[in-house]
Amino acid sequence: PLWRQAEADAAAAGRPGMDFAPLLAGVRPLVEGADLAVCHLETPIAPAGGPYSGYPSFSVPPEVAPALAQTGFDACTTASNHTYDQGGAGVDRTLAALDAAGIRHAGSARTPEEAAVITAVDVGGARVALLSYTYGFNGYAAPDGQTWRSRQIDEGAVLRDAARARDEGADVVVVALHWGDEYVHEP
């Protein structure tokens, strides 16, 4: 239903494809008002025109990324149980779409060098590091054995990364953990 609505919104504006910005318009004032607005992009981005797929193996329209930027998001975390749903190409497309939209990202990577970089954003005179990890990948193996492509929760690694972020000048370290039981709201 969201894809159909995004198609209808694009058509109403005389544009082809999908426009997700109207669907996000209700939260835009809140998001734009934040000093640092971070979203969690759980699903990989599909090639332009698709194919798109939902549960259990996601591949979502690339028009999502510019809509997130228009809504005011500065960064997205990307480590999730669906990070590997579309393999390495899905990781690459997702990060390229976020880059094209001007949105910083943490949690997955295209190269080992990119995986080693800690995402840091300057916010009102403070340097904020953003770290992102997931509990697992729904049984998908790392594409081509490239385990550096996404970060899995490991307490020692999280603490080491946070310490390194501080050593690299972060005033604040934000850690996003994708975990828990689906549809359970109590911690």
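Residues numbered from 1 in each chain as written. Predicted model: local features only at pLDDT ≥ 70, side-chain atom pairs only at ≥ 80, totals over all residues. Heavy atoms only, no water.

(A) The overall build of the protein, seen in detail. Helix and strand counts for the protein come out as 7 helices and 6 strands. For 187 residues, the compact-globule estimate of 2.2 N^0.38 gives 16 Å, and the protein sits close to it at 17 Å. Overall, the C-alpha framework of the protein stretches about 50 × 40 × 35 Å when taken along its three principal axes. Counting across all 187 residues of the protein, residues that qualify as buried make up 42%. Long-range contacts, defined here as pairs at least 24 residues apart, represent 67% of the contacts in the protein between residues at least 6 apart. Accessible surface, the protein as shown: approximately 9900 Å² in total, 56% of it carbon and sulfur. (Helix = DSSP H or I, 4+ residues; strand = E, 2+ residues; numbered from the N terminus. Rg over C-alpha atoms; globule rule 2.2 N^0.38 Å. Buried < 20%, exposed > 50% of the residue type's maximum accessible area, 1.4 Å probe, protein only. Contact = heavy atoms within 4.5 Å. Areas by Shrake-Rupley, 256 points an atom, 1.4 Å probe, with all protein chains shown as cover.)

(B) Quick look at the side chain of Ser-59. Along the chain, the position of Ser-59 falls in the loop between strand S1 (38-40) and helix H4 (64-71). With a relative accessible area of 2%, Ser-59 lands in the buried category. Reaching out from Ser-59, the side chain makes a polar contact with the backbone oxygen of Pro-51 at a distance of 3.4 Å. When sequence neighbours within four positions are dropped, the list of residues in contact with Ser-59 reads Trp-3, Pro-44, Ala-46, Pro-51, Tyr-52, Ser-53 and Gln-86. (Polar contact = N/O pair within 3.5 Å; in protein donor to acceptor, adjacent residues only side chain to side chain.)

(C) Just the sheet that holds strand S3 (residues 104-106), in detail. The strand order across the open sheet formed by 3 strands is S1-S2-S3, and the pairing between neighbours is parallel. Two strands lie at the open edges of the sheet, namely S1 and S3, each paired on one side alone. Geometrically, the sheet is characterised by an average inter-axis angle of 25° between neighbouring strands, direction not taken into account. Two elements, strand S2 (residues 75-77) and S3, share 3 bridges in a ladder whose sense is parallel. Bridging from a neighbouring strand, Cys-76 pairs with His-105 of S3. (Pairing = 2+ DSSP bridges. Axes fitted to C-alpha atoms, helices over the stretch in contact; angles between N-to-C directions.)

(D) Region of the structure containing the state of the cysteines. Enumeration according to the criterion identifies 1 disulfide in this entry. What pairs with Cys-39 in a disulfide is Cys-76, and their sulfur atoms sit 2.0 Å apart. Handedness of the Cys-39-Cys-76 disulfide follows from its S-S torsion of about 65°: it is right-handed. Placement of Cys-39 in strand S1 and of Cys-76 in strand S2 is noted, with a sequence separation of 37 residues between them. (Disulfide = S-S within 2.5 Å.)

(E) Representation of the sheet that holds strand S4 (residues 119-123) in the model. Strand order in the open sheet formed by 3 strands is S4-S5-S6, with mixed pairing between adjacent strands. Each edge of the open sheet is held by one strand with a lone partner, namely S4 and strand S6 (172-178). When strand polarity is set aside, the average angle formed by the axes of neighbouring strands in this sheet is 25°. The pairing of S4 with strand S5 (residues 126-134) spans 5 bridges and is classified as antiparallel. Residue pairing in the sheet places Val-121 in a bridge with Val-128 of S5. Sheet strands touched by helix H7 (residues 155-167): S5 and S6. Its angle to S5, the strand with the most contacts, is close to 165°.

(F) Representation of a nonpolar patch on the surface within the structure. Together, Tyr-135, Ile-153, Val-175, Leu-177 and Trp-179 make up an exposed nonpolar region whose accessible area comes to about 480 Å². Structurally, the position occupied by Leu-177 is in strand S6. Classification of Leu-177 as partly exposed rests on a relative accessible area of 40%. (Patch = residues over 30% accessible without salt bridge, like charges linked within 9 Å, V, L, I, M, F, W, Y side chains within 5 Å. Salt bridge = Lys/Arg side-chain N within 4 Å of Asp/Glu carboxyl O.)

(G) H7, seen in detail. Here H7 is 13 residues long and its end C-alpha atoms lie 18 Å apart, about the 18 Å a rise of 1.5 Å per residue gives. Turning to H7, its buried residues number three or more, namely Ala-157, Val-158, Asp-161, Ala-162 and Ala-165. Each buried residue of H7 lies within a common arc of 135° when the element is viewed along its axis, so the set occupies one face. Facing away from the buried side of H7 by more than 90 degrees, the exposed set consists of Glu-155, Leu-159, Arg-160 and Asp-167. Packed against the buried residues of H7 are S5 and S6. Immediately downstream of H7, the backbone of Gly-169 shows phi near 105°, a positive value. (Expected span 1.5 Å × (residues − 1). Arc of directions from axis to C-beta.)

Limitation: the analysis is restricted to geometry and does not speak to function.
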